[in-house]
Amino acid sequence: MPRQVVLLDAGLGNLGSVERALAQVGAAVLRTSDPEVVAAARTLVVPGQGAFGDHTDEIVAGPLGDAIRAAIARRVPFLGICLGMQLLFEGSDEAGGRRGLGILPGRARRFPEGMTEPPPPGYDGPSRPLKIPHVGWNDVSPEGEHYYFVHSYYVEAAEADHVRWTCTYGDVTFPAAVVHENIVGCQFHPEKSQRAGLRFLRAFLLGGWK
Amino acid sequence: MLKRRIIPCLDVRDGRVVKGVHFGGLRDAGDPVAAARLYDEQGADEICLLDITATAEGRATFVDVVRQVAAQIFCPLTVGGGVRRRSDVARLLDAGADKVAINSGAVINPALVEDVAARYGRQCIVAAVDVRRLPPRRAHPGSPAPAAPAPGEPTPDGPAPQPSEHDDAPVYEVVIQGGARGTGLEAVAWCETVVRLGAGEILLTSMDRDGTKRGYDLDITRTISRAVPVPVIASGGVGELAHLYEGLATGGGEADAALAASIFHFGLHTIPEAKRYLAGRGIPVRPSSP
């Protein structure tokens, strides 16, 4: 029997690739935007691309936010991806300051402007500027694998215990993966991270992240 | 640290890879789906599909190709070609593209970039910018794009045009419709504008170098990489692995990603070979899976 995974379809980005990646590692995926189905999920995945804004305000303050809180309170395995992970925290500086679900303590901050990459040894030209968003493959510590990231905001977690993997971009070291009880969150996109991403999703489904 | 990306690009016409692809191990070398799957398995950091079809039927076929490719790969997929309206962007994202590249459509209607970036997020809007180097002294963006000789090559009129001491830097003009039309837009200014409008990335192609196998135009790649706050993908002219290095190296093109077509399609090099070569020369790349 494949494990049934409820995939929250709340207009937070394309779900197709997350759905396909979960199916690839053996999940039976049920896409839904129905708060009752979300609240009753036995495994819940909240993906997300893009930004905090009016739309996330509606989720946080509405029935879907309650449903996510209810599922998490029932201790079912939960995975938040990218914006879906950031939503777990108290809020974001994005779009004039927005609220999150407040399940984990901490806040999303924007990468600072003007970061540069140290020039290679022997090169005396100007430093190369680092771009925002942080787009591409970066390695996580201590695990060491590369995952695909796309984001301009990162989470500043208030509890160091929640941070399982970190990633560094310029001067900022931020949580790449957070774990707390039944909650897993990843800043990267496992569905776009080839074999490493599929391994990550499989480990989540098998409960290897508890 | 963040790695530089290697992006194989497939030009697609009427559902088939153009110029042909000569991999070993593929039964149908012109099939973009099979090619994309192979690149994904080799550890390409991202895959780019460009529609170079001119007909409505071809466009519909392309969306189908995007859907099939997206269903086969587990890395980011950038698609472009003929994107003129919001509905074109919506259709490609819906088919499974992660990012949509807008080229002529952005020049003709800059509001399109603003509109789709606001709607779908900057991270999925790529401005594809094709540029041509103007010869010194005739650098008048606005006139029809002259057939600019590649730098360092002799011209019919005499010696190769070299920037004189009085010229600060060569001037580049944005061209559209596959290089058929000049636009009067200076390249750096246009890139800055299109980023301000909402593009999250620049895919910069040198028309002078495209297809020449002589390497990227490093001057304009570096200039734009330094000028814009978003990632720049170098494109046009890769004929050997050294060109990938030049495009990415500090003091070279300084691009965030290197796009190439023929060196991968013709089986000249594999993605893992390219990664090993770059890593050996100090470029931070993600190692390919074994």
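Located above this text is the structure these notes cover.
Residues numbered from 1 in each chain as written. Chains lettered and ligands numbered in written order. Predicted model: local features only at pLDDT ≥ 70, side-chain atom pairs only at ≥ 80, totals over all residues. Heavy atoms only, no water.

A few points about the overall build of chain B
Link 1 in the chain: Looking only at helices and strands, one finds 10 helices and 11 strands in chain B.
Link 2 in the chain: Out of the 290 residues belonging to chain B, those deemed buried represent 56%.
Link 3 in the chain: Of the contacts made within chain B by residues no fewer than 6 positions apart, 69% connect residues no fewer than 24 positions apart.
Link 4 in the chain: Accessible surface computed for chain B: about 11500 Å², of which carbon and sulfur atoms make up 50%. (Helix = DSSP H or I, 4+ residues; strand = E, 2+ residues; numbered from the N terminus. Buried < 20%, exposed > 50% of the residue type's maximum accessible area, 1.4 Å probe, protein only. Contact = heavy atoms within 4.5 Å. Areas by Shrake-Rupley, 256 points an atom, 1.4 Å probe, with all protein chains shown as cover.)

Remarks on the pattern of salt bridges
Link 1 in the chain: Tallied over the entire structure, the rule returns 30 salt bridges over all chains.
Link 2 in the chain: Arginine 75 of chain A is paired through a salt bridge with glutamate 181 of chain A; the nearest N and O atoms lie 3.5 Å apart. Linking arginine 75 of chain A in the loop between helix H4 (63-73) and strand E4 (78-81) with glutamate 181 of chain A in the loop between strand E14 (172-180) and strand E15 (183-186), this pair joins segments that are 106 residues apart in sequence.
Link 3 in the chain: The exposure class of glutamate 181 of chain A is partly exposed, given its relative accessible area of 44%.
Link 4 in the chain: Of the charged contacts in the structure, one is a salt bridge between arginine 128 of chain A and glutamate 117 of chain A, with a shortest N-O distance of 3.5 Å. Here arginine 128 of chain A, found in strand E9 (residues 128-129), pairs with glutamate 117 of chain A, found in strand E8 (residues 116-117); they are 11 residues apart in sequence, far enough to count as distant. Both residues of the pair, arginine 128 of chain A and glutamate 117 of chain A, count as buried.
Link 5 in the chain: Each of Glu117, Arg128 and Lys131 of chain A together with Arg4 and Asp256 of chain B takes part in salt bridges that share partners, so that together they form one network. (Salt bridge = Lys/Arg side-chain N within 4 Å of Asp/Glu carboxyl O.)

Some thoughts on the packing of helix H8 (residues 241-248) of chain B against helix H10 (residues 271-280) of chain B
How two helices sit against one another is set out by the angle between their axes and by the gap between those axes.
Residues and elements named next belong to chain B.
Link 1 in the chain: Two elements in contact, H8 and H10, have axes whose closest approach is 10 Å; the angle formed by their N-to-C orientations is 55 degrees. Of the possible angle classes, the one that applies to H8 and H10 is oblique. In this structure, H8 meets H10 at a crossing whose hand is right-handed. Where H8 abuts H10, its residues Leu241, Ala242, Leu244, Tyr245 and Leu248 lie against Glu273, Ala274, Tyr277 and Leu278.
Link 2 in the chain: Residues of the contact of H8 with H10, tallied by class, amount to 8 nonpolar, no polar and 1 charged. (Axes fitted to C-alpha atoms, helices over the stretch in contact; angles between N-to-C directions. Parallel < 35°, antiparallel > 145°, perpendicular 65-115°, else oblique. Left-handed = near helix turned anticlockwise from the far one by under 90°. Nonpolar A, V, L, I, M, F, W, Y, C, P; charged D, E, K, R; others polar.)

Things to note about the nonpolar core
Across soluble globular proteins, you tend to see nonpolar side chains buried next to one another.
Link 1 in the chain: One finds Leu49, Ile202 and Leu244 of chain B to be the most contacted residues of the largest nonpolar core, which totals 79 residues.
Link 2 in the chain: Take this core: its biggest share by element is 7 residues, from helix H6 (residues 187-197) of chain B.
Link 3 in the chain: Those residues in contact with leucine 244 of chain B, other than ones at most four positions away along the chain, are Tyr216, Val238, Ala258, Ala260, Ile263, Phe264, Ala274 and Leu278 of chain B.
Link 4 in the chain: Grouped together as the second largest cluster of nonpolar side chains are 40 residues, Leu7, Cys82, Val179 and Leu201 of chain A included. (Core = buried A, V, L, I, M, F, W, Y, C linked by side-chain atoms within 4.5 Å.)

Thoughts on the interface of chain B and chain A
Link 1 in the chain: Of the residues lining the interface, 41 residues belong to chain B; the matching set on chain A comes to 32 residues.
Link 2 in the chain: Summed over both partners, the interface of chain B with chain A comes to about 3000 Å²; 49% of that surface belongs to carbon and sulfur atoms.
Link 3 in the chain: Three residues, Leu2, Phe74 and Thr250 of chain B, lead the burial of chain B against chain A; their summed loss comes to 27% of the area buried on that side.
Link 4 in the chain: In this structure, glutamate 117 of chain A and arginine 4 of chain B form a salt bridge, with 3.3 Å as the shortest nitrogen-oxygen distance.
Link 5 in the chain: There are 25 residue pairs in polar contact (both at pLDDT 80 or more) connecting chain B and chain A.
Link 6 in the chain: Looking at the side of chain B that touches chain A, the elements with two or more residues in it are helix H1 (32-42) and helix H7 (218-227) of chain B. (Buried area = accessible area lost by both parts, 1.4 Å probe. Polar contact = N/O pair within 3.5 Å; in protein donor to acceptor, adjacent residues only side chain to side chain.)

Brief notes about the sheet that holds strand E2 (residues 27-32) of chain A
Residue and element names in this part refer to chain A.
Link 1 in the chain: Strands sit in the order E2-E1-E3-E4-E15-E14-E13-E10-E11 across an open sheet of 9 strands; the sheet is mixed. Edge positions in the sheet fall to E2 and strand E11 (146-151), since each of these pairs with one other strand and no more. Sheet twist, expressed as the average angle between the axes of neighbouring strands with direction ignored, equals 30 degrees.
Link 2 in the chain: Examined bridge by bridge, strand E10 (residues 134-141) and strand E13 (residues 163-169) share 2 bridges and lie antiparallel to one another. The residue of E13 that forms the bridge with valine 140 is cysteine 167.
Link 3 in the chain: Along the sheet face, helix H1 (residues 16-24) touches strand E1 (3-8), E2, strand E3 (44-46) and E4 and points at about 155 degrees away from the line of E2. (Pairing = 2+ DSSP bridges.)

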